[in-house]
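# Architecture at a glance
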Amino acid sequence: MTLLASFLNSGGFHAIRDVFFLLIVVFWLALGYWTYKDAKRRLDDSTLIALSTAVGLIPPFVGPFIYMLFRPPEYLDEVRERELETRAIEDRMTALDIRCPVCHAEAESSFLVCPVCTTKLKQACTSCGAPLEPIWQICPYCETPIEAPAAGAPPALGTRRAHRRTR
Ligand SMILES: [Zn+2]
Ligand SMILES: [Zn+2]
């Protein structure tokens, strides 16, 4: 017993105890930092990130596990990526469902007129004849600038060619 007592009072023991205590503090702070980093990847709200970090630090060592029980299951990057994919799929779906505005027959994006009711669907490029989207400023196939359709004429129905013929 006297041997143990003298060891506990020795400088060597104090040094070991201090190093051990320091390691615990470093480990505690590292866990808090990990919680902060993880919360930042999962949360958008700075208040929630601060709250998560606080939970990661207090109670010590148990906090990160409590945080892990409540954290959002996905990283923000993954959520954004999934949203983009969903939007791309939706765009593709709407692109597939092109219909004639007059008779509602199915049409393809390359159609210039509706084959059922002969309604003009798209303007054709004056240079290469490619079907043009109403918002395009230039033909993407031959680089010919697109004139704005005459005012008053609906872009889906009126065409420049038809206009020229009537003039
Ligand atoms: Zn039609
Ligand atoms: Zn063209």
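Keep in mind it's a predicted model, so treat the numbers as computed, not measured. (Residues numbered from 1 in each chain as written. Chains lettered and ligands numbered in written order. Predicted model: local features only at pLDDT ≥ 70, side-chain atom pairs only at ≥ 80, totals over all residues. Heavy atoms only, no water.)

### Some points on the overall build of the protein chain
Cut-off, in case you're wondering: To qualify as a helix, a DSSP run of H or I must reach at least 4 residues; to qualify as a strand, a run of E must reach at least 2; elements of each kind are numbered from the N terminus. With a 1.4 Å probe rolled over the protein chains alone, any residue whose accessible area is under 20% of its type maximum counts as buried; one over 50% counts as exposed, and the rest are partly exposed. Using the Shrake-Rupley algorithm and a 1.4 Å probe, accessible areas are obtained, with residue cover drawn only from the displayed protein chains.
Scanning the protein chain for helices and strands turns up six helices and four strands. For the protein chain, the proportion of its 167 residues judged to be buried stands at 20%. Within the structure as shown, the protein chain displays about 12500 Å² of accessible surface, and the carbon and sulfur contribution to it stands at 65%.

### Here's the deal with the coordination of the zinc ion (ligand 1)
Heads up, the condition is: Counted as donors are the N, O and S atoms within 2.8 Å of the metal, or 3.2 Å for Na, K and Ca, while water is not among the atoms, so some sites may look incomplete. Any coordination sphere not matching a tetrahedral pattern (four donors, all angles between 85 and 135 degrees) or a square planar or octahedral pattern (four or six donors, opposite donors over 155 degrees apart, other angles between 65 and 115) is reported as irregular.
Taken together, the protein donors to the zinc ion (ligand 1) comprise Cys100 (SG), Cys103 (SG), Cys114 (SG) and Cys117 (SG), at separations of 2.2 to 2.3 Å. Viewed at the metal, the four donor atoms of the zinc ion (ligand 1) are separated by angles of 106 to 115°, and the geometry they form is tetrahedral. Mapping the donors of the zinc ion (ligand 1) onto the primary sequence yields the spacing C-x2-C-x10-C-x2-C. Of this pair, Cys100 sits in the loop between strand S1 (98-99) and strand S2 (106-107) while Cys117 sits in the loop between S2 and strand S3 (123-124); the two residues are 17 residues apart in sequence, bridging distant segments of the chain.

### Considering the confidence of the model for the protein chain
Basically, it comes down to this: Residue-level confidence of the predictor is what pLDDT reports, using numbers from 0 through 100. Should any heavy atoms of two residues lie within 4.5 Å, those residues are considered in contact.
For the protein chain, per-residue confidence averages 85 on the pLDDT scale, and residues scoring 70 or more make up 87% of the total. The low-confidence segment residues 156-167 (pLDDT under 50) makes 18 contacts with residues lying over four places distant or belonging to another chain.

### Comments concerning the side chain of Thr35
Locating Thr35 in the fold gives a position in helix H2 (residues 11-42). Overall, the relative accessible area of 0% leaves Thr35 in the buried class. When neighbours within four sequence positions are excluded, Thr35 is seen to be in contact with Ser52, Thr53, Gly56, Pro64 and Tyr67.

### As for the coordination of the zinc ion (ligand 2)
For the zinc ion (ligand 2), the full set of protein donor atoms is Cys125 (SG), Cys128 (SG), Cys139 (SG) and Cys142 (SG), at a range of 2.2 to 2.3 Å. Considering all four donor atoms around the zinc ion (ligand 2), the spread of angles at the metal, 103 to 113°, places the coordination shape in the tetrahedral class. Of note, the donors binding the zinc ion (ligand 2) are all from one chain and are spaced C-x2-C-x10-C-x2-C.

### Quick notes on a nonpolar patch on the surface
In plain terms, the rule: Only residues whose relative accessible area exceeds 30% and that form no salt bridge are eligible for patches; like-charged ones are grouped when within 9 Å, while nonpolar side chains (Val, Leu, Ile, Met, Phe, Trp, Tyr) are grouped when within 5 Å. Throughout this description, the term salt bridge denotes a Lys or Arg side-chain nitrogen within 4 Å of a carboxyl oxygen of Asp or Glu.
Where nonpolar side chains cluster on the molecular surface, the patch consists of Leu4, Phe7, Leu8 and Ile16 and spans about 370 Å² of accessible area. With three residues, helix H1 (residues 2-9) is the single largest residue contributor to the nonpolar patch. Summarising the element assignment, Leu8 is placed in helix H1. With a relative accessible area of 38%, Leu8 lands in the partly exposed category.

### Section: the packing of H1 against H2
As a reminder of what qualifies: Angles run from 0 to 180 degrees between N-to-C directions of axes, and those axes are lines fitted to C-alpha atoms, restricted for helices to the stretch in contact. In this scheme, roughly parallel covers angles under 35 degrees and roughly antiparallel covers those over 145, while 65 to 115 is roughly perpendicular and the rest are oblique. Throughout, the ten residues Ala, Val, Leu, Ile, Met, Phe, Trp, Tyr, Cys and Pro are labelled nonpolar, Asp, Glu, Lys and Arg are labelled charged, and all others, Gly among them, are labelled polar.
Two numbers describe how H1 lies on H2: the axes approach to 4 Å, and their chain directions differ by 60°. In terms of orientation, H1 and H2 fall into the oblique class. Across from Phe7, Leu8 and Asn9 in H1, the residues of H2 making contact are Gly11, Phe13 and His14. Residue composition of the contact of H1 with H2, grouped by class: three nonpolar, three polar and no charged.

### Structural notes on the nonpolar core
Worth spelling out the cut-off: To qualify as a nonpolar core, a set must consist of buried Ala, Val, Leu, Ile, Met, Phe, Trp, Tyr and Cys residues joined through side-chain atoms within 4.5 Å.
Counting residues in hydrophobic clusters, the biggest one holds five residues: Cys100, Ala105, Ala107, Cys114 and Leu121. Beyond its immediate sequence surroundings of up to four residues, Ala107 is in contact with Ile98, Arg99, Cys100 and Leu121.

### Looking at the pattern of salt bridges
The full count for this structure, using the stated rule, is six salt bridges. Here Arg42 makes a salt bridge to Asp38, at a shortest N to O gap of 2.7 Å. Taken as a pair, Arg42 and Asp38 lie in helix H2 at a separation of four residues, close to a single helical turn. The partner of Arg71 in a salt bridge is Asp38, and the shortest N-O contact between them spans 3.2 Å. Taken together, the positions of Arg71 in the loop between helix H4 (63-70) and helix H5 (76-96) and Asp38 in helix H2 put the pair 33 residues apart, joining distant regions of the chain. The partly exposed category is assigned to Arg71, whose relative accessible area is 23%. Note on Asp38: relative accessible area 7%, which makes it buried. Connected through salt bridges with shared partners, the residues Asp38, Arg42 and Arg71 form a single ionic network.

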